[in-house]
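# Inside the fold
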Amino acid sequence: MRTAPFEYHRAHDIDDALEWLTRDGDREVKILAGGHSLLPLMKLKLATPTVLLDVQGVSELKGVTMEPGWIRIGALSRYVDLTRDPTVAEALPLLSQVAATVADMQVRNRGTIGGSLCHADPQADIPAAVLALDGRLIVVGPRGERRMTLDEFIVAPFLTVLEPTEILSAVEFPIPSGPQQSVYLKRPHPASGYPIVGVAITANVPTPGHLSNVRVVVGGMGSKAYRAYATESTLNEKELSPETLRQAAEVAITEAQLSDDADVPYHSQLIRTYVERALHRLYGGVA
Amino acid sequence: MENHLTEITMTVNGVSVSRNIEPRVLLAHFLREELGLTGTHIGCDTSQCGACTVLIDGEAVKSCTVLAVQCMGQSVTTIEGLAQTTLHPMQAAFREKHGLQCGFCTSGVMMTAIELLKQYPNPTESQIRQGLDGVLCRCTGYETIVRSVQHAASLMSKQELPQEEEVG
Ligand SMILES: Cc1cc2nc3c(=O)[nH]c(=O)nc-3n(C[C@H](O)[C@H](O)[C@H](O)COP(=O)(O)OP(=O)(O)OC[C@H]3O[C@@H](n4cnc5c(N)ncnc54)[C@H](O)[C@@H]3O)c2cc1C
Ligand code: FES
Ligand code: FES
């Protein structure tokens, strides 16, 4: 399959890239990162940009840097980089773990964290991790830089607040203060490997058997990854037991955000089961 | 819209090649049609099957999901680049352990397995199965593929580390 014809350009740096995006309002300029969502869409003619702007040479979008209290992950970081980078593995093990569950080795060698977030596929794995780890998306454009949460960034399936002239440059994560536990549990679709459900949980462990700052995120379902706030409240500062975990998973059903075409009994059961199993993993690590 | 040609240069199997191509030419088509390297197969053309896997700078990639222009200045290895004066140990192992039936998926499987063995020179069966998650064999010959990759691992460890003692 061939894509429709397009012009191809390589941006040298971020200013060059921004200039390309603003140069000519009539032409649809699309950023090409790993290409593992965009090229399949272009082959199906579901996307027909006139200009492809390859940003693989833009060093400002690459790399992992530590700043006081924060860790900054360049948008062009590939899944394979996230699984291998020792800084990420140390500070944000959840992100490494999630990246390792995406697709297969070949896709992980190309796909990027920025591409996944900008594509905003409701079935993607990365958004759940970004929400659970309270990441901030750094967007640069002609009017400077803005920072936002995942919830602010993703509007609806395949729709973000990015203007056509803007670039996602990085995602910044607060470095957890004190011991944090995290877990990602995914049920992959047997054919595609995308999550049918993916549950990401982070929590601080002030004393054994207690959790605080619990964030329970359900991804892969509905229109975008969401926090299960009521489920979190049943766990925060409570004495943990298998019974409280079971109750929390029941609460997760009551606040399930399913898509319109969901098989409600099946998807509710999946949420309950995966929240409970994920909590058991976390609990196993903290008891 | 006009189809502008772009000049690209990359190294394929150790040889530098330059061509004027349309930017929309996929790496898989570039290899097969421009260079005549038809050992890289196109199975699904939808990024699923891995038959088209080649190495770009040593990393396994589905060449139906990469533009040739993205590989400017990079080094691509295809199945044709493996054998030197003798078969590559991966090829020898697949021959010995019957790792192929119709052979359609085989070049993609071998290229993927080569990166896998770089990460895990001594892989467990489950590491092999997980590592080969991105390649589908329509003949479903996974058992012999796993055996072949295990055998390749032992051939390669003997080849590369003749002085080291095998443990376990
Ligand atoms: C076979 C296969 C299996 C997969 N399985 C999974 C899976 O299990 N889980 C999962 O989560 N995903 C899966 N994916 C999707 C994969 O994660 C994609 O790589 C990812 O969604 C896109 O990242 P990319 O770097 O390839 O982006 P691209 O395809 O290059 O870009 C995607 C979109 O984002 C835009 N964009 C990219 N980077 C930026 C930026 N920095 N700023 C602004 N816009 C940008 C592009 O213009 C485009 O619209 C799979 C894909 C394939 C092909
Ligand atoms: S042909 Fe490329 S993945 Fe199937
Ligand atoms: S040997 Fe026939 S597809 Fe794998």
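For every chain, the first residue of the written sequence is number 1, and numbering continues from 1 onward in sequence order. Here chains are named by letter from A upward and ligands by number from 1 upward, in the order in which they appear as written. Reporting of local features is limited, given that this is a predicted model, to residues whose pLDDT is at least 70; pairs of side-chain atoms are given and counted only at 80 or more, and all residues count toward the totals for whole chains, interfaces and linings. Heavy atoms throughout the structure, all of them, feed into the side-chain values; hydrogens and water do not.

### Describing the interface of chain A and chain B
Residue-level contacts link 30 residues of chain A with 36 residues of chain B. Where chain A abuts chain B, roughly 2700 Å² becomes buried across the two surfaces, and 53% of that area is made up of carbon and sulfur atoms. The term buried area means the drop in 1.4 Å probe accessible area that two parts suffer when joined, counted for both and summed. Interface area lost by chain A to chain B is led by Arg 2, Met 105 and Gln 106 of chain A, which between them contribute 24%. Any carboxyl oxygen of Asp or Glu that lies within 4 Å of a side-chain nitrogen of Lys or Arg is treated as forming a salt bridge with it. Linking chain A to chain B there are five salt bridges. Residue Lys 62 of chain B is joined to Asp 104 of chain A by a salt bridge in which the shortest nitrogen-to-oxygen separation is 2.8 Å. N or O atoms within 3.5 Å of each other form a polar contact, as long as, within protein, one can give a hydrogen and the other can take it, and as long as residues adjacent in sequence are counted only when both atoms are side-chain atoms. In this structure, the connection of chain A to chain B is made through 15 residue pairs in polar contact (both at pLDDT 80 or more). Put simply, DSSP H or I for four residues or longer makes a helix, DSSP E for two residues or longer makes a strand, and each gets a number counted from the N terminus. Secondary structure elements with two or more residues in the side of chain A that touches chain B: strand E1 (7-10), helix H2 (38-43), strand E3 (51-54) and helix H6 (105-108) of chain A. Asp, Glu, Lys and Arg are counted as charged, while Ala, Val, Leu, Ile, Met, Phe, Trp, Tyr, Cys and Pro are counted as nonpolar; the rest, among them Gly, fall into the polar class. Among the residues making up the side of chain A that touches chain B, the classes are represented as 13 nonpolar, eight polar and nine charged. Here a residue-residue contact requires only that any non-hydrogen atoms of the pair lie within 4.5 Å.

### Topic: the domain arrangement of chain A
The domain architecture assigned to chain A consists of domain 1 (7-54), domain 2 (59-174) and domain 3 (180-286). If you average the C-alpha positions of domain 1 of chain A and of domain 3 of chain A, the two centres end up 37 Å apart. Bear in mind that the domain bounds are from an automatic or database domain assignment.

### Side note on the site of ligand 1
Any residue with at least one heavy atom within 4 Å of a molecule or strand is counted as near it. For ligand 1, the set of nearby residues contains 30 residues, the closest of which are Ile 31, Leu 38, Tyr 79, Thr 112 and Asp 125 of chain A. Chains contributing residues to the immediate surroundings of ligand 1 are chains A and B. At 2.7 Å from an oxygen atom of ligand 1 is found a main-chain nitrogen or oxygen belonging to Gly 35 of chain A. A distance of 2.8 Å separates an oxygen atom of ligand 1 from a polar side-chain atom of Ser 37 of chain A. Only the protein chains shown count as cover for residues, and the accessible areas themselves come from Shrake-Rupley with a 1.4 Å probe. Taken by itself ligand 1 offers 980 Å² of open surface, and the protein chains cover 95% of this. For the shell around ligand 1, the secondary-structure elements that each account for two or more residues are strand E2 (29-32), helix H7 (113-119) and strand E10 (167-174) of chain A. Looking at the shell around ligand 1 element by element, the count peaks at four residues for H7 of chain A. Across the shell around ligand 1, the residue classes tally to 15 nonpolar, eleven polar and four charged.

### A short note on the pattern of salt bridges
Residues and elements named next belong to chain A. Under the criterion given, the structure shown has 23 salt bridges over all chains. Residues Arg 136 and Asp 134 are paired through a salt bridge, measuring 2.6 Å at the closest nitrogen-oxygen approach. Judged by relative accessible area, Asp 134 falls into the partly exposed class, the value being 24%. A salt bridge links Arg 146 to Glu 166; the nearest nitrogen and oxygen atoms lie 2.7 Å apart. In this pair, Arg 146 is assigned in strand E7 (residues 144-149) and Glu 166 in the loop between strand E9 (159-160) and E10, connecting sequence segments 20 residues apart. Exposed residues in this analysis have more than 50% of their type's maximum accessible area, buried residues have under 20%, and partly exposed residues fall in between, with area computed by a 1.4 Å probe over protein chains only. On the basis of relative accessibility, which here comes to 8%, the residue Glu 166 falls in the buried class.

### Focus: the nonpolar core
Residue and element names in this part refer to chain A. In plain words, nonpolar cores are sets of buried Ala, Val, Leu, Ile, Met, Phe, Trp, Tyr and Cys residues tied together by side-chain atoms within 4.5 Å. Residues Leu 92, Leu 95, Leu 117 and Phe 173 are the most contacted members of the largest nonpolar core, which totals 36 residues. For this core, the element with the most residues is helix H8 (residues 126-132), which contributes six residues. There are two domains that each give this core at least three residues, and those are domain 2 (59-174) and domain 3 (180-286). Apart from the residues lying within four places of it in its own chain, the contact partners of Phe 173 are Gly 69, Trp 70, Ile 71, Ile 73, Leu 92, Leu 95, Val 130, Leu 133 and Gly 135.

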